[in-house]
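Take a look at the letters that make up each chain.
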Amino acid sequence: DAGVIQSPRHEVTEMGQEVTLRCKPISGHNSLFWYRQTMMRGLELLIYFNNNVPIDDSGMPEDRFSAKMPNASFSTLKIQPSEPRDSAVYFCASSVANSEAFFGQGTRLTVV
Amino acid sequence: SQQGEEDPQALSIQEGENATMNCSYKTSINNLQWYRQNSGRGLVHLILIRSNEREKHSGRLRVTLDTSKKSSSLLITASRAADTASYFCATNMNYGGSQGNLIFGKGTKLSVKP
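Residues numbered from 1 in each chain as written. Chains lettered and ligands numbered in written order. Predicted model: local features only at pLDDT ≥ 70, side-chain atom pairs only at ≥ 80, totals over all residues. Heavy atoms only, no water.

**Student:** I'd love a proper account of the sheet that holds strand S8 (residues 71–76) of chain B, names of residues and values included.
**Tutor:** Residue and element names in this part refer to chain B. Read from one edge of the open sheet, five strands run S1-S3-S8-S7-S6, paired in antiparallel fashion. The sheet is open, and its two borders are formed by strand S1 (5–7) and strand S6 (55–58), each paired with just one other strand. Pairs of neighbouring strands in the sheet enclose a mean axial angle of 20 degrees, with direction left out of account. One ladder, built from four bridges, connects S6 with strand S7 (residues 61–66); its direction is antiparallel. Residue pairing for S7: His57 is matched across the bridge by Arg62. (Pairing = 2+ DSSP bridges. Helix = DSSP H or I, 4+ residues; strand = E, 2+ residues; numbered from the N terminus. Axes fitted to C-alpha atoms, helices over the stretch in contact; angles between N-to-C directions.)

Structure (structure tokens):
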């Protein structure tokens, strides 16, 4: 397996634009996590899914953020409209239940 | 909150020395995990210790867990320059038998000088 695949690796966008981050988890993993990492706030859990169902989205900062997992092999994190303070590295990770998580390489988002 | 907190925030040692990092957390957990992150890269899992375990070894890594004190430690023995990275603890809570959340601390930045 190629591991957790995130795209794009880098994204630069203008304030107000819609941004969509994508994640393909490892085949057979039934849990998927979205994190945001910044120097100030560290690694924050935004949302996680079990068997494609969102379980806890309390970390989603605002209504501008939304996440979907339409099937076991794909998830998206959308920011609409984007703001400069959304600039961060966004990580996706997947796991089987209560085991180690495997991380993607991240998407570095810059909103100007 | 559940979030683990690592101590120290930064640690600088010479090659060959041992490095010890600590993690404290606030709630009951299912397991505690340690991860490593090289600059600009994703996190890599190092070791998982379950709530009913007290100590675990993996190569040069030794992890302890004290659930009464809600704390864990990661020991890296005979450190190498290649161990330079940030190290994070993460706490996992159960969720009705299924995967619970996985909350990370702010990490310890380890620098190993050759």
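**Student:** Give a detailed account of unusual backbone geometry, specifying residues and quantitative values.
**Tutor:** Cis geometry is found at the peptide bond from Ser7 of chain A to Pro8 of chain A, where omega equals -10 degrees. Here the amide bond leading from Asp7 of chain B into Pro8 of chain B is cis, since omega sits at 0 degrees, within 30 degrees of zero. The backbone of Asn52 of chain A sits at a positive phi, close to 75 degrees, despite the residue not being glycine. Summarising the element assignment, Asn52 of chain A is placed in the loop between strand S5 (42–50) and strand S6 (53–56). Looking at Asn52 of chain A, the relative accessible area reads 29%, which means it is partly exposed. Despite not being glycine, Lys70 of chain B has its phi angle at roughly 50 degrees, a positive value. Its location among the elements puts Lys70 of chain B in the loop between S7 and S8. Here Lys70 of chain B falls in the partly exposed class, since its relative accessible area comes to 28%. (Buried < 20%, exposed > 50% of the residue type's maximum accessible area, 1.4 Å probe, protein only.)

**Student:** Give me the lowdown on the state of the cysteines, citing residues and values where you can.
**Tutor:** Under the criterion given, the structure shown has two disulfides over all chains. Paired by a disulfide, Cys23 of chain A and Cys92 of chain A hold their sulfur atoms 1.8 Å apart. Residues Cys23 of chain A and Cys92 of chain A share a disulfide whose torsion about the S-S bond is about -65 degrees; that sign makes it left-handed. In this pair, Cys23 of chain A is assigned in strand S3 (residues 19–24) and Cys92 of chain A in strand S9 (residues 88–95), connecting sequence segments 69 residues apart. Look at Cys92 of chain A and you get buried, because its relative accessible area is 0%. One disulfide bridge connects Cys23 of chain B with Cys89 of chain B, the sulfur atoms lying 2.0 Å from each other. Here the disulfide of Cys23 of chain B and Cys89 of chain B is right-handed, its torsion about the S-S bond being about 65 degrees. (Disulfide = S-S within 2.5 Å.)

**Student:** Outline the pattern of salt bridges, listing residues and values.
**Tutor:** For the coordinates displayed, the defined rule picks out 12 salt bridges over all chains. Between Glu62 of chain A and Arg64 of chain A there is a salt bridge, and its shortest N-O distance comes to 2.8 Å. Under the relative-accessibility criterion, Glu62 of chain A is labelled partly exposed at 25%. Of the residues examined, Arg64 of chain A reaches a relative accessible area of 10% and is grouped as buried. For Lys56 of chain B, the salt bridge is made with Glu53 of chain B, and the minimal N-O distance between the two is 3.9 Å. Judged by its relative accessible area of 28%, Lys56 of chain B is partly exposed. Judged by its relative accessible area of 24%, Glu53 of chain B falls in the partly exposed class. (Salt bridge = Lys/Arg side-chain N within 4 Å of Asp/Glu carboxyl O.)

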